[in-house]
Structures are given as structure tokens and as C-alpha cells.
Amino acid sequence: WISPVSLNDKTAIISNWNGVSGLGGNGGGLHFDSAGKLVFLAKGNGADSDCPTSWIPPRDVYSHVAATVDANTFKVLVYANGTEIGNCNIGGGKPDFRNNEDLRIAKHDNLFAGSIDDVRIYNRALTATEVRALVQHPNKRIFVSDSQPNGSMGGVTGADAICNSDTAKPNSAK
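What counts and what doesn't
Residues numbered from 1 in each chain as written. Predicted model: local features only at pLDDT ≥ 70, side-chain atom pairs only at ≥ 80, totals over all residues. Heavy atoms only, no water. Helix = DSSP H or I, 4+ residues; strand = E, 2+ residues; numbered from the N terminus. Buried < 20%, exposed > 50% of the residue type's maximum accessible area, 1.4 Å probe, protein only. Contact = heavy atoms within 4.5 Å. Areas by Shrake-Rupley, 256 points an atom, 1.4 Å probe, with all protein chains shown as cover. pLDDT = per-residue confidence, 0-100. Core = buried A, V, L, I, M, F, W, Y, C linked by side-chain atoms within 4.5 Å. Salt bridge = Lys/Arg side-chain N within 4 Å of Asp/Glu carboxyl O. Polar contact = N/O pair within 3.5 Å; in protein donor to acceptor, adjacent residues only side chain to side chain.

> Tell me about the overall build of the chain, residues and numbers included.
Check the secondary structure of the chain and you find two helices and 10 strands. In the chain, the succession of helices and strands from N to C terminus is β-β-β-β-β-β-β-β-β-β-α-α. Considering the chain as a whole, with its 174 residues, one finds that 40% of them fall into the buried category. Within the chain, contacts between residues at least 6 apart in sequence are counted, and of these 54% link residues at least 24 apart. About 9,600 Å² of surface is accessible on the chain, with carbon and sulfur atoms providing 49% of the total.

Below, the structure written as C-alpha cells:
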């Protein structure tokens, strides 16, 4: 969820892009271009793709934004308030989001001016129905697995303990 006061070029909602385009670039995230339009960046391993949208978020109003990347087809879908606003295929290969760059919220070159709330990262691409559910029911939990977590939560410290103790997850003992 974002509520911008203003938008600047090279401002990000979430990013670990190293700032390099072309050879040597890696990382990516949800950024804004110089016109204030939302764009998803995907760099590394041969991918050097920007997935632009024509969507400019309203000022001082919360909007839900999301992007999914299919790990098999490398198709990117970008959503605003549960509606697909952009899609593209990342050319050249799977982007490298596991680089040495810090994962930053509200910053790339410039700070995000406004509010950001409820940032979530999943280890799979959510379906369009799941993205819509996050907008329609903002407290809804979407789980990456209906089995016991196995520690492969991308290095998120404590994820297993948190997921295992959550009695609201599917198939959990109540």
C-alpha cells in the first residue's frame, strides 16, 4: 500500500537494483519513472528489462500495488488496486534479485515522499485472484505453503518459527 505526496524519478517502493543498466546490472523492484509512472525493473543474468505501466498513483490516497514474476516463464504482471496495469516478458533470462545490494523500502536514489504500509514478499508468484484478495481483504494472509516451512524462506530470519506458530494458516492444528 502506498500513499505518495509527490513522486520523483529514481524513487522506489521496494528495490535492490544496483543502479546499473545493461551488462553488470542486477536486482530490481518497483520504481517510478521521471513522469511518475510505476515501472517494474528486472536486471541480471541476461535480463535487462523494464516493465513500464501508464499508471500514476493518486496523491495522498492509499493504493495497493503489486508485481509478480513467474519463475518458469519470466512473465511479469504489475497490479494497482487489484487490476492488472502492465505486463511483459523479461528477455534474456531470470533476473538476479539475490545480489549484494540491500533490499530497500522507500528508497533508490531518492526517498519516497509519502507513506508505505504492509510490504510483503512471497517466494512464488501470486495469482490475480490472490492479488485482488489482498486489496479486498487487506488483513487476509496468503501462505507460501500448506506444509511445514523448511527454512527456504529466502533468508528471512525467524520465518519458520513465525509460520509454524501461526494457527490461522491452512491445515494448521487449532
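Back to the write-up after that little detour.
> Can you tell me about the environment of V61, naming the residues and giving the values?
Tracing the backbone shows V61 in the loop between β5 (47-52) and β6 (65-69). C-alpha of V61 to C-alpha of P4: the two residues are 57 residues apart in sequence and 7.3 Å apart in space. Among all residues touching V61, those that are not within four sequence positions of it are I2, S3 and P4.

> Run through the confidence of the model for the chain, naming residues and quoting values.
Overall, the predicted model of the chain reaches an average pLDDT of 75, with 69% of residues at or above 70. Overall, residues 168-174 carries pLDDT values under 50, and its contacts beyond four positions in sequence, including any with other chains, amount to 16 contacts.

> Just give me the short version of the nonpolar core, but keep the residues and values in it.
Grouped together as the largest cluster of nonpolar side chains are 19 residues, with contacts concentrated most on L30 and L38. For this core, the secondary structure elements donating two or more residues are β2 (11-15), β3 (27-32), β4 (38-44) and β7 (75-80). Sequence-distant contacts of L30, that is, excluding residues within four places in its chain, are made with A12, I13, I14, L38, V39, F40, V65, A66, A67 and V78. Counting residues in each nonpolar core, the second largest holds six residues, with A66, L77, Y79 and L134 among its members.

> Lay out the pattern of salt bridges with the relevant residues and their values.
Two side chains of opposite charge can pair, provided their charged atoms sit close to one another. Taken as a whole and assessed by the stated rule, the structure comprises two salt bridges. In this structure, the salt-bridge partner of R120 is D118, at a minimum N-O distance of 3.0 Å. A salt bridge links E130 to R124; the shortest N-O distance between them is 2.9 Å.

> Tell me about the side chain of T53, and name the residues and values.
For T53, the position within the fold is in the loop between β5 and β6. In this structure T53 comes out as buried when scored by relative accessible area, which is 7%. Within the structure, the side chain of T53 is placed 2.6 Å from the backbone oxygen of L38, a separation counted as a polar contact. A distance of 3.2 Å separates a polar atom in the side chain of T53 from the backbone nitrogen of W55.

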